[in-house]
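Spelled out from the first residue to the last, the chains are:
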Amino acid sequence: MMDDTRTVEKRKRLKRCSRISGHSRLFVRAGMTLLAVTVLSVMSVGLTLADDQALPAMTISYQNGTITAIYENTLDIDGRTYGLTPDVVMLDEHGDMLDPARLMVSAEVKFHVKKEQSNKIDKMIVTLPK
């Protein structure tokens, strides 16, 4: 008889705890969902702002030129030699990523040089000849 009473009390406690944990699970799920929505919206806003900008608006501080020579680690633009940073961003005229292997002499470019190193290009928009 004593064991039955203890078993009944244990079951009551378990039911009470499961109700509490059910509410806790609901709040955790709601919190995680809110966090995920917030992170995704911040990420999409960050990407949208950069992606939706027209190329001319992005190129205010860019220099214009024509590629006059291409070497292994550098390229000449209008006769001046520039290196490329390891994380250089190269885009075509439509804003799509451009493979550096597609660069060619006589391509028109708009480029941005790093402030610390005036001969290192970190961003470049390339208009390939048709």
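All residue numbers refer to position in the chain's written sequence, counted from 1. Predicted model: local features are reported for residues with pLDDT of at least 70 only, side-chain atom pairs are reported and counted for 80 or more only, and whole-chain, interface and lining totals are derived from all residues. Excluding hydrogens and water, the side-chain figures rest on all heavy atoms present in the structure.

Caption draft 1: The arrangement of the sheet that holds strand β2 (residues 74–77) in detail. At least two bridges found by DSSP between two strands is the condition for calling them paired. Here a strand is any run of E in DSSP of at least two residues, a helix any run of H or I of at least four, and the numbering for each starts at the N terminus. Pairing is mixed in the closed barrel, where 5 strands are placed in the order β1-β2-β3-β5-β4. Adjacent strand axes in the sheet meet at a mean angle of 60°, parallel and antiparallel pairs treated alike. As judged from the 6 bridges shared by strand β4 (residues 108–113) and strand β5 (residues 120–127), these two strands associate in the antiparallel manner. Bridge pairing in β5 places Val109 opposite Val126. Helix axes are fitted only over the stretch in contact, all axes being lines through C-alpha atoms; the angle between N-to-C directions runs from 0 to 180 degrees.

Caption draft 2: Spotlight on the nonpolar core. Within the largest apolar cluster, 16 residues are counted, with the highest numbers of intra-cluster contacts made by Ile77, Leu103, Val109, Phe111, Ile121, Met124 and Val126. Only β2, β3 (80–92), β4 and β5 provide two or more residues apiece to this core. Contacts are assigned to residue pairs that have any heavy atoms within 4.5 Å of one another. For Ile121, the contacting residues outside a window of four places in its chain are Ile77, Tyr82, Gly83, Leu84, Thr85, Val88, Phe111, His112 and Val113. Residues enter a nonpolar core if they are buried and are Ala, Val, Leu, Ile, Met, Phe, Trp, Tyr or Cys, with the set joined through side-chain atoms within 4.5 Å. To sort residues, take the accessible area from a 1.4 Å probe on protein chains only and compare it with the maximum for the residue type: under 20% means buried, over 50% means exposed, and anything in between is partly exposed.

Caption draft 3: Seen up close, the pattern of salt bridges. Each reported salt bridge corresponds to a side-chain nitrogen of Lys or Arg within 4 Å of a carboxyl oxygen of Asp or Glu. Enumeration over the complete set of coordinates arrives at 1 salt bridge. With its nearest N and O atoms 3.3 Å apart, the salt bridge here joins Lys130 to Glu93. In this pair, Lys130 sits in the segment after β5 while Glu93 sits in the loop between β3 and β4, placing the two residues 37 residues apart along the sequence. Classification of Glu93 by relative accessible area gives partly exposed; the value is 25%.

Caption draft 4: Region of interest: the pairing of β3. Both β2 and β3 contribute to a ladder of 4 bridges, which runs antiparallel. By the bridge assignment for β3, Leu75 is matched with Tyr82. Once β2 ends, the chain turns through 2 residues before running back antiparallel as β3, passing Asp78 with a positive phi of about 50°. Here 6 bridges tie β3 to β5, and the two strands are oriented parallel to one another. Counted as the bridge partner of Leu84 is Ile121 from β5.

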